[in-house]
Amino acid sequence: TNPGAKLSVQTTGTTDILNLIETAGDTVVTVLESGNVGIGTMSPATTLHVHSPSGGQRGMHLAIGTSAGTGITIDNTGNVGIGTTIPNSKLAVVGLPVYANNAAAITGGLAAGDFYRTGGDPSLVCVVY
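Quick caveat: nothing in here was measured; it's all calculated off a predicted structure.

Draft legend 1. The environment of Pro-97, seen in detail. Here Pro-97 is to be found in the loop between strand S8 (91-93) and helix H1 (102-107). Residues Pro-97 and Arg-117 lie 20 residues apart in sequence; the distance between their C-alpha atoms is 6.1 Å. With residues up to four places along the chain from it excluded, the contact list for Pro-97 reads Leu-110, Phe-115, Tyr-116 and Arg-117.

Take a look at the structure:
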């Protein structure tokens, strides 16, 4: 009777607070009373549970900032991309800084465990130690 937003839903003790389902019967979004949110599943087991059907074209992209390529992408094959929306391997990282060696990387502000490229041919990926 006193909504705090444009859409305000108060639970009455049921398990599901919200279900959005496509006309084909596929679950789009589910919100449970526990606060768990499911995308592509009616039974989210965690705070955010994203399910891509087997063979589907769906994946997940967590955008950071305003650039579409900035963030983390998990495609429908399980490939993970950081800084790219099209990961072509199990782990694709785009945008690593270039330093000649560990000393230069540390001087440039990197710390132990950070990744960088050497910029040579081939451009090796290294870890600051």
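Draft legend 2. Expanded view of the packing of aromatic side chains. Tallied over the entire structure, the rule returns one aromatic pair. On the numbers, 6.1 Å between centres and 75° between planes, the contact of Tyr-99 with Tyr-116 is edge-to-face. With Tyr-99 in the loop between S8 and H1 and Tyr-116 in strand S9 (residues 115-117), the pair connects residues that are 17 residues apart, well separated along the chain.

Draft legend 3. Looking closely at the sheet that holds strand S7 (residues 80-82). Strand order across the open sheet formed by four strands is S5-S6-S7-S8, with mixed pairing between neighbours. Strands with a single pairing partner mark the edges of an open sheet, and in this sheet they are strand S5 (60-63) and S8. Strand-to-strand, the axes of this sheet are offset by a mean angle of 10°, without reference to chain direction. As paired elements, strand S6 (residues 71-74) and S7 share three bridges and run antiparallel to each other. By the bridge assignment, Ile-74 is partnered in S7 with Val-80.

Draft legend 4. Structural view of the nonpolar core. Counting residues in hydrophobic clusters, the biggest one holds six residues: Tyr-99, Ala-105, Leu-110, Tyr-116, Cys-126 and Val-128. Aside from chain neighbours lying at most four places away, what touches Ala-105 is Tyr-99, Leu-110, Tyr-116 and Val-128.

Draft legend 5. Region of the structure containing unusual backbone geometry. Looking along the chain, the bond that leaves Asp-121 and enters Pro-122 is cis, with omega of 5°. For Pro-122, the position within the fold is in the loop between S9 and strand S10 (125-127).

Draft legend 6. Expanded view of the pairing of S6. Every second residue of S6 is oriented toward a common face, the buried set being Gly-71 and Thr-73 and the non-buried set Ile-72 and Ile-74. As paired elements, S5 and S6 share four bridges and run antiparallel to each other. Its bridge partner being in S6, Leu-62 is matched across the sheet by Ile-72. Hairpin connection between S6 and S7: a loop of five residues separates the two successive antiparallel strands, and Gly-78 in this loop has a positive phi of roughly 95°.

Draft legend 7. View of the sheet that holds strand S4 (residues 48-50). Ordered by their spatial adjacency, four strands build an open sheet running S1-S2-S3-S4, and the pairing between neighbours is mixed. Of all strands in the sheet, those bounded by a partner on one side alone are strand S1 (16-21) and S4. Across the sheet, the mean angle from the axis of one strand to that of its neighbour is 10°, orientation sign disregarded. As paired strands, strand S3 (residues 37-39) and S4 are joined by three bridges and run parallel to one another. Paired with Val-37 across the strands is Leu-48, a residue of S4.

Definitions and limits used
- Residues numbered from 1 in each chain as written.
- Predicted model: local features only at pLDDT ≥ 70, side-chain atom pairs only at ≥ 80, totals over all residues.
- Heavy atoms only, no water.
- Helix = DSSP H or I, 4+ residues; strand = E, 2+ residues; numbered from the N terminus.
- Contact = heavy atoms within 4.5 Å.
- Phe/Tyr/Trp six-rings, centres within 6.5 Å; stacked < 30°, edge-to-face > 60°.
- Pairing = 2+ DSSP bridges.
- Axes fitted to C-alpha atoms, helices over the stretch in contact; angles between N-to-C directions.
- Core = buried A, V, L, I, M, F, W, Y, C linked by side-chain atoms within 4.5 Å.
- Buried < 20%, exposed > 50% of the residue type's maximum accessible area, 1.4 Å probe, protein only.

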